[in-house]
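Architecture and fold: a report
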Amino acid sequence: MLFDRLAAGSLARRFAFSAAALAAAALLLTLFASWALVAQQHASGLRALQTKEMDFHEASVHGSLQALATRLGEVADSAILANALVDSAGRETYLRPYLNGARQVNGVPVQLMLTDFEGNAISESSGAQFSPAQLAWLRRQLEKAVDTATVMDAPDGPELLAVRLLRYTRTQTPEGALIYKVRLDDIEKDRAIRLVAGGRKAGSSESQRAVSVPPVYSDLGLTLVRTGASPVDYSALLPHYALILAVVLALATAVLLLGARLALALTHDLRRLEGFSSSVVRDGFGGRRAEVRGSREVASLAHSINHMVDRLHRQHAQLQNESERFHQLANTIPQMAWIASAAGEVEWYNDRWYAYTGIAPGQAAGDGWRQSLDEADTPGVISQWRAGIASGEAFSLTISMRGADRQARRFLTQLAPLRDAGGSVVQWFGTNTDLTPLEQAERAVRESEERLREGLQAANMAAWTWDLHSGETRFSDNATVLFGAAWRSDGGDWCFLPEADRARLREMAEDALVRHASYRCEVELPPAGGAEARWIEVRGKADSRADAPGSSSGIVLDVSERKRAEVALLLADQRKDEFLAMLAHELRNPLAPISSAVKIMELVSPDAPPQVRKAREVIDRQTRHLSRLVDDLMDVSRISTGKIALRDEQVDAAAMVLRAIEMNRPLLEARGHRLETHGLSQQQMLRGDSTRLTQVIGNLVNNAAKYTEAGGIIRVSLERDGAWLVIRVADNGVGMSPQILPHVFNLFLQAERSLDRSLGGLGIGLSVVKQLTELHGGTVEAHSAGERMGSEFVVRLPAPGIARTADAGVPATIAAPPARRILVVDDNRDAVDALAMMLKLGGNDVEIAYEGMAALAIAQSFVPDAVVLDIGLPGIDGYEVARRLRARPETAGALIVAVTGYGQKEDRERSRAAGFDHHLVKPIESDALLKLLGGQGDAD
């Protein structure tokens, strides 16, 4: 209160008070500085004393621990303890007195115990007690065979526990131990300073000190810690400083009185300027200015006041100009504008308001604006107006106003308060915005949204937006109609989708956000209420708007009909594959006995008449042709469905081409063609599936042989072109027309290139060539100058490598296998009888069976070396027969060859798992079977 009165008084009074306060502050500062200096010196001396005290205690504890370690070491090394360990007779009479002699070292009580090598007590000093935990610790040290020490908590405080192991030269293990303990509080008895274990903590040297200890205690981290400090007593200094304080107060009072007198004289010119300032505030701006005289400071102040008055005068004129410009601006804006007082009385309107309402300026004063309101709306508008004015905050309302043409239009009326520096409302600024254009635009938007909604409904789709950060998802209103109640407009994070699909959709959306791309995802909705499962397709795109960095939007479509059609198509394709597999099996079954019968005819009558040999060759050739048709049909099915698997191996291209030629040698000879080869003497290596590549070239050679008239020329060449191998198969046959050439590799395509269709196929061989070549990363091209101008097929395969000279001769003739005991099993009697007859003609001992159980019975007594086994048997199938044969000791090592009409990859894998050594597809090549039976080949 006193300070407020002095601050509000005259300048002279404030000057006097300030001078006295500064003087008193200086003296008090001197007083406090001297007090602090004395206190600091006192504290410094006290710390030095505490440091000396800590040095003394550290030396005392060090001496006690050194004496303890030395004394107990002497006890442990004494012959008395050694004798007690080896001779138990009468040791009770001398051990305890001997141990009692070491119960106190340097005034520190010690508890001792002598134990055997297992930690069992032999003798202890009087009153010695060791807890189970301490004895357990002793046994662990005996197991480790080390002298050591530790600190353990005890009811009477921490105890130092140490052990000395008793060893002798005749053994490397402890024969016993001397364990002893002392209380840490007995080593350091001063209650203000404690001996603790665990190492030194952060602190000063006078508050804690690490203790120098003998080596046996070095791991304990023993430290002296001060637990309390003596308070500093400053009471003796108080009388002296009280006298100094009284002198300070007296001097401050004298300075205050003298300063008041001096201030009156110094502020005379300032009081004159104060009078001028008061007149300016009272009378306003005018031509009068302050006199520039007196001290330099006062003259400068008078000059500044005059300058400030001039500036205020100019600013007042500028404010008047700004007000006029504001009114001009308000008259140019498209809204009707006005200004009201703090109480809500309108004081000014812009010209647009007068023009719309047609009300004259004299009639609009005060509440004249109410004349433009619709009579029915007036009470409600007035009520809202008064409530808004009373709130003192910005507010808005919608009202209907009649124009000069008496037509009512809706306006958005907005009011904002204008406040002074204290926050009080001084005026209201308001506008009236015509809502008619906005309402028309909103009506157009609603109509557009309705058309969009109807379009989405017709297309079975809904729109959505998704905030990936919050997980909030919003759907268009028609989502519940299309997809059910779970698709509510405020659904969160697609929670109604299956968990796995929801995670997959979020991963795709987050990836699209990173790439600023679109995405789509198909989801199967679980069936509800017995209805069919439904499929939806979610299409989305990352939003590029800056105000939605983590959001995505898109549409969701009902694709159930399409998915059902796809499922039906897949089912039809599966049934087609099953049909082709069954067709191949049924076609191969009759081919097997025919092939065997041809081989029998060859073996029985090698010197048959030419007519018989010719008929036999026709049967053999047509059987091979039909087998190739079945293989091509199955290959097309596997390749088109992606079920074919290629081996990755090193392939000699020259040898592969020769194998393909040999496969077609019978057809070439039957047609009387002349074969010309080039480049097959060089070994050219590439990586691929040897069997499939042989099939590619074999199909091309076969195609050339079929569509070249008898006695034609077929050329096969192999050459390297950089990192590619180029294989050409050319003929001078019927050629191809320009209309056929672009479609020659299409499936089931055949051109009438010859009137002779006896060697025609299904039109799938070239399609297989193209697809197998492309699976190897290569290309194939067809060329022809026209009909009757011959054809050329060019296969290019990737093959980085080096050509080497190779023996390109015809493969060696297969040696006849030695006679074996062979069991042939098949439910097709013609096939099994023909195959058995062929094998018997080769000198083999052959038994036959027509079903699985009979085969097992025959095998038990016959004990075959090899089993030729069909898989599709009545009763138990060939897989089970093979497993049982492998389980029997007498047939566990027999060669088992599968002969079946099923040749797909999964069929071969299943036969291998059942125990088959080889897998042959009907009709079998007799030479291939004989080679396997002789142990010279691999049919897989």
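Per an unreviewed UniProt entry, the protein is named histidine kinase, and its organism is Noviherbaspirillum suwonense. Looking at the Catalytic activity (unreviewed entry) heading of the UniProt record, one finds this comment for the protein: "ATP + protein L-histidine = ADP + protein N-phospho-L-histidine." The protein has a UniProt comment under Subcellular location (unreviewed entry) that states "Membrane".

The helix and strand tally for the protein stands at 26 helices and 34 strands. Split into buried and exposed, the 940 residues of the protein put 40% on the buried side. Look at the contacts in the protein between residues 6 or more apart in sequence, and 60% of them connect residues 24 or more apart. Carbon and sulfur atoms provide 55% of the accessible area of the protein, an area that totals close to 50,400 Å².

What follows covers a nonpolar patch on the surface. On the surface, Leu-243, Val-247 and Leu-251 cluster together to form a nonpolar patch covering roughly 280 Å² of accessible area. Inspection of the secondary structure puts Val-247 in helix α7 (residues 238–266).

To continue, consider the sheet that holds strand β9 (residues 208–210). Strand order in this open sheet of 3 strands is β8-β10-β9, and the pairing throughout is antiparallel. The outermost strands of the open sheet, each flanked by one partner alone, are β8 (193–196) and β9. Sheet twist, expressed as the average angle between the axes of neighbouring strands with direction ignored, equals 20 degrees. Summarising the sheet, β9 and strand β10 (residues 223–226) pair through 3 bridges and their orientation is antiparallel. Pairing of Arg-209 across the sheet is with Leu-224, part of β10.

With antiparallel pairing, the 5 strands of this open sheet are ordered in space as β12-β11-β15-β14-β13. Whereas interior strands pair on both sides, the edge strands pair on one side only; in this sheet they are β12 (346–349) and β13 (395–402). Between one strand and the next, the sheet's axes are offset by a mean angle of 25 degrees, whatever the strand orientation. Summarising the sheet, strand β14 (residues 408–419) and strand β15 (residues 425–434) pair through 9 bridges and their orientation is antiparallel. Note that in β15 the partner of Leu-415 across the bridge is Gly-430.

The subject of this paragraph is the pattern of salt bridges. This model, assessed by the stated rule, comprises 37 salt bridges. Salt-bridge contacts for Arg-788 lead to Glu-709; the nearest nitrogen and oxygen are separated by 2.7 Å. Here Arg-788, found in the loop between β27 (779–783) and β28 (791–798), pairs with Glu-709, found in the loop between α20 (690–706) and β25 (713–721); they are 79 residues apart in sequence, far enough to count as distant. Among the salt bridges present, the one from Glu-880 reaches Arg-884, with a minimum N-O distance of 3.0 Å. Taken together, the residues span about one helical turn, with Glu-880 and Arg-884 both in helix α24 (residues 878–887) at a distance of 4 residues. Residues joined by salt bridges that share partners form a network here, namely Arg-520, Glu-522, Glu-537, Arg-539, Arg-562, Lys-563 and Glu-566.

Another point: helix α5 (residues 132–144). If you check α5, its first and last C-alpha atoms are 19 Å apart, about what 13 residues at 1.5 Å a residue would give, namely 18 Å. Looking only at α5, the buried set comprises Gln-134, Leu-135, Trp-137, Leu-138, Gln-141 and Leu-142. An end-on view of α5 places all buried positions within 155 degrees of arc, on one side of the element. Turned more than 90 degrees off the buried face of α5, the exposed positions are Pro-132, Glu-143 and Lys-144. If you follow the buried residues of α5, they end up packed against β3 (111–116), β5 (148–152), β6 (159–166) and β7 (176–183). Where α5 terminates, the next one or two residues include Ala-145, which has phi positive at roughly 65 degrees.

Once that is clear, we can look at empty space enclosed by the protein. A probe as big as a water molecule, rolled over the atoms, marks out the empty space that is left. Applying the stated criterion across every chain yields a total of 4 cavities of 30 Å³ or more. Taken as a whole, the second largest cavity spans an internal volume of roughly 100 Å³. Contributing to the lining of the second largest cavity are 13 residues, with Trp-338, Trp-369, Trp-385, Ile-399 and Asn-432 lying nearest its centre. Breaking the lining of the second largest cavity down by element, the ones donating at least two residues are β12, α12 (378–391) and β13. Of the residues forming the lining of the second largest cavity, the biggest block, 3 residues, is contributed by β13.

Let us now look at the packing of helix α23 (residues 852–862) against α24. Put simply, α23 and α24 touch, their axes get as near as 10 Å, and they point 20 degrees apart. The angle between α23 and α24 places the two elements in the roughly parallel class. Seen along the crossing, α23 lies across α24 with a hand that is right-handed. Of α24, the residues touching α23 (which contributes Gly-852, Met-853, Leu-856 and Ala-859) are Val-881, Arg-884 and Leu-885. A class-by-class count of the residues in the contact of α23 with α24 yields 5 nonpolar, 1 polar and 1 charged.

On to the confidence of the model for the protein, then. Here the protein shows a mean pLDDT of 78. Residues at 70 or above account for 79%. Here residues 753–759 scores under 50 on pLDDT; set against residues more than four positions off or in separate chains, the count is 18 contacts. Predicted confidence is poor over residues 805–816, with pLDDT under 50, and the contacts of this stretch with residues over four places away or in other chains come to 15 contacts.

Let us now look at the packing of aromatic side chains. Under the counting rule described, the total for this entry stands at 8 aromatic pairs. Measuring from ring centre to ring centre gives 5.9 Å for Phe-395 and Trp-428, while their planes differ by 70 degrees; the resulting arrangement is edge-to-face. Here Trp-428 lies in strand β15 and Phe-395 lies in strand β13, a separation of 33 residues in the sequence. What makes Phe-395 buried here is its relative accessible area of 15%. A residue is classified by how much of its surface remains accessible, and Trp-428, at 1% relative accessible area, is buried.

About the cut-offs
- Residues numbered from 1 in each chain as written.
- Predicted model: local features only at pLDDT ≥ 70, side-chain atom pairs only at ≥ 80, totals over all residues.
- Heavy atoms only, no water.
- UniProt positions renumbered as here; feature names shortened; annotations may be inferred.
- Helix = DSSP H or I, 4+ residues; strand = E, 2+ residues; numbered from the N terminus.
- Buried < 20%, exposed > 50% of the residue type's maximum accessible area, 1.4 Å probe, protein only.
- Contact = heavy atoms within 4.5 Å.
- Areas by Shrake-Rupley, 256 points an atom, 1.4 Å probe, with all protein chains shown as cover.
- Patch = residues over 30% accessible without salt bridge, like charges linked within 9 Å, V, L, I, M, F, W, Y side chains within 5 Å.
- Salt bridge = Lys/Arg side-chain N within 4 Å of Asp/Glu carboxyl O.
- Pairing = 2+ DSSP bridges.
- Axes fitted to C-alpha atoms, helices over the stretch in contact; angles between N-to-C directions.
- Expected span 1.5 Å × (residues − 1).
- Arc of directions from axis to C-beta.
- 1 Å grid on protein atoms, 1.4 Å probe; cavity = no way out; pocket = protein on both sides within 12 Å on 5 of 7 lines; lining within 4 Å.
- Points joined across faces, edges and corners; volume = space filled by probe spheres on them.
- Parallel < 35°, antiparallel > 145°, perpendicular 65-115°, else oblique.
- Left-handed = near helix turned anticlockwise from the far one by under 90°.
- Nonpolar A, V, L, I, M, F, W, Y, C, P; charged D, E, K, R; others polar.
- pLDDT = per-residue confidence, 0-100.
- Phe/Tyr/Trp six-rings, centres within 6.5 Å; stacked < 30°, edge-to-face > 60°.

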